[in-house]
Amino acid sequence: MMFLSIPGTLRMILIIIAVFVIIRFLGRVFMAKRNIDEERRYNQNSENFRKEKERSEREKGKTKVMNKGYTDAEDVDFEEIKD
């Protein structure tokens, strides 16, 4: 039969509680890091969207001639549409 001492039992309980506290702390740290990364990605995406929208508004109605891309295209006559 094994006899347990009270100080040894208390020490084991405190070690188990300390391990749980450390694991909870690390979980919160990793969750905060993940949230910061997600917020940074969201801000970058919204900034890129805003810049692209501004560029689109500046170039509204303009045409570009590009040398790259599909060259086997068919030209059509320009026809003005009356409102």
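Residue positions are given per chain, counting from 1 as you read along its sequence in written order. Only residues with pLDDT of 70 or above have their local features reported here, since the model is predicted, and side-chain atom pairs are shown and tallied only from 80 upward, although totals for entire chains, interfaces and linings are computed over all residues. Note that the side-chain values use all heavy atoms of the structure and ignore hydrogens as well as water.

Engineer: So what's going on with helix α1 (residues 6–58)? Residues and values would help.
Structural biologist: With 53 residues, α1 should cover 78 Å at 1.5 Å per step; its first-to-last C-alpha distance of 78 Å lies within 8% of that length. Capping the start of α1 is the job of one residue whose side-chain oxygen sits 3.3 Å from the backbone nitrogen of Gly 8: Ser 5. Secondary structure elements are defined from DSSP: runs of H or I of at least 4 residues count as helices, runs of E of at least 2 residues count as strands, and each element is numbered from the N terminus. To estimate the expected span of a helix, subtract one from its residue number and multiply by 1.5 Å. Nitrogen and oxygen atoms within 3.5 Å of one another constitute a polar contact, given that in protein one can donate a hydrogen and the other can accept it, and given that sequence-neighbouring residues count only through two side-chain atoms.

Engineer: So what's going on with the pattern of salt bridges? Which residues, and what values?
Structural biologist: When a carboxyl oxygen of Asp or Glu is within 4 Å of a side-chain nitrogen of Lys or Arg, the pair counts as a salt bridge. The final tally for this structure, using the stated rule, is eight salt bridges. Salt-bridge contacts for Glu 47 lead to Arg 50; the nearest nitrogen and oxygen are separated by 2.4 Å. With Glu 47 and Arg 50 both in helix α1, this residue pair falls three residues apart, about one helical turn. Taking the relative accessible area as the measure of exposure, Arg 50 reaches 37% and is therefore partly exposed. Put simply, Glu 52 and Arg 55 hold a salt bridge, and the shortest N to O gap is 2.2 Å. Linking Glu 52 with Arg 55, this pair stays in helix α1, spanning three residues, or about one helical turn. Partly exposed describes any residue whose relative accessible area lies between the buried limit of under 20% and the exposed limit of over 50%, with all areas from a 1.4 Å probe on protein chains only and scaled to the type maximum.

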